[in-house]
Each structure stands twice: as C-alpha cells, then as structure tokens.
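One letter stands for each residue in the lines below.
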Amino acid sequence: MSDSIHVRTWRGPLAEFVIGAYQGQLCLLDYRYRRLRQRVDQRVQRNLGASFLEADDPVIDATIAQLEEYGRGERQQFELPLRLAGSEFQQAVWQALMAVPYGGTASYGELAERLGQPQAVRAVANANGANALALVVPCHRIIGRRGELVGYGGGLELKRRLLRLEQEHVGQLPLFADHPSAETNDE
C-alpha cells in the first residue's frame, strides 16, 4: 500500500485539528496546538512506519463531515475505519474509552476496573493521554473520581464544552457524576 500518512489541518467550530489517514483508516485526529503534539505525531509515524504527507484523502473528508455533524449535535457515534497506533495495552484502554457512552463519563479507575487491572490507574491515565484520535476515542469523557474535570489535550474549557454538548443532546444525564475510583491527571 502506502508508506505515507496523509495529513491535513482543519479548523472546525470546536477546535483546530490535525487529521491523518493511513491506508484507508483514520490514524490521527488531534488538536493542532496540543502541548504533546510532536510526541503524538512521532509515535503515530513510528508505530505505522510511515511519514506525514500533506494530501487530501477520502477518510479525512469523511472525518470532517462527521466532526461537523458531531459539533451540531447530530452525531453521537463516529463511523470511521480506525487504525489505533499504540501498544497492546494502549489499544485496550482506547477500546474501553470507546465503550463510554455519548453523554456519559467514567474515571480512570473505572476504566482500569473494566480492563480487569484495578491497580493500573496511572497506566490507564497515561494511555488515555497518548490517545491520538480525539473525540472518536472519547478521552474527553474521563473525569476525576469525585466528578471533577481533569487534564485534557484540548484544554479543560473545551472538555467542559464537549461534555455539555453531548449531555444536551442525550437528555437527562447529570453533568458530572460522582465516581468512587482513584484519580490521576497525566494528560
């Protein structure tokens, strides 16, 4: 196939993103001005054995269309082919993140418990912070054990806006629920 990751920047109503597609799959959807931007990019390129090439791609176009729908509250689940670029553990955490429902929240401790590793809270938090597919792998739905907002690559204000957007469109969920699990802030 290709040894290039097609990338494009896109400014949407929520934020400015770097979007990347590799061999017909979305492998990067991250905030352009994220503090860990370079580290995330390097990890994705290293994991896929490919380099970035600014180019149009049908997967990027589909991602933008679905992001626009999400931002208007018209889409609750993304339907994109994904390429999760990370370790086996990171991928397991990202799969667990995708199981957190639209409009819902969970804590790092709850994710660790779902993975059958309740003592791995810090490792779960680190994997959450390494997520290269913002919104699609919904790490913004992770809150502190007492329901407080904790670190987010797009910033806490954007995290608050995303949670409110989702909760406005699902209806009657509380804005931030209490969670009895341990908390960390490694993003």
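Residues numbered from 1 in each chain as written. Predicted model: local features only at pLDDT ≥ 70, side-chain atom pairs only at ≥ 80, totals over all residues. Heavy atoms only, no water.

For an α-helix, the turn length of 3.6 residues means that residues three or four places apart are oriented alike. Buried within helix α3 (residues 88–98) we find Gln90, Val93, Trp94, Ala96 and Leu97. The arc that holds the buried residues of α3, viewed along the axis, is 155°, so those residues lie on one side. Buried residues in α3 make contact with α1 (37–48), α4 (108–114), α5 (121–129) and β6 (142–143). (Buried < 20%, exposed > 50% of the residue type's maximum accessible area, 1.4 Å probe, protein only. Helix = DSSP H or I, 4+ residues; strand = E, 2+ residues; numbered from the N terminus. Arc of directions from axis to C-beta. Contact = heavy atoms within 4.5 Å.)

Phe17, Ile19, Tyr31 and Leu135 are the most contacted members of the largest nonpolar core, which totals 44 residues. Broken down by element, this core gets its largest block of residues, five residues, from helix α2 (residues 58–71). Beyond its immediate sequence surroundings of up to four residues, isoleucine 19 is in contact with His6, Val7, Arg8, Trp10, Leu26, Leu28, Leu29, Ile60, Thr63, Ile64 and Leu67. Core analysis: the second largest hydrophobic core is formed by 13 residues, Val7, Val18, Tyr22 and Cys27 among them. (Core = buried A, V, L, I, M, F, W, Y, C linked by side-chain atoms within 4.5 Å.)

In spatial order, the strands read β3-β2-β1-β4; together these four strands make up an open sheet with mixed pairing. Two strands close off the open sheet at either side, each with one partner strand: β3 (25–31) and β4 (51–54). Here the strands of the sheet are splayed against their neighbours by 30° on average, with no regard to which way each runs. Pairing between strand β1 (residues 4–11) and β4: four bridges, direction parallel. Considered in β4, the bridge of serine 4 is made with serine 51. Across the face of the sheet, α1 comes into contact with β1, β2 (16–22), β3 and β4 while running at roughly 170° to β3. Those strands touched by α2 are β1, β2 and β3, and its axis lies near 30° from that of β1. (Pairing = 2+ DSSP bridges. Axes fitted to C-alpha atoms, helices over the stretch in contact; angles between N-to-C directions.)

By themselves, these figures tell us nothing about what the structure is for.
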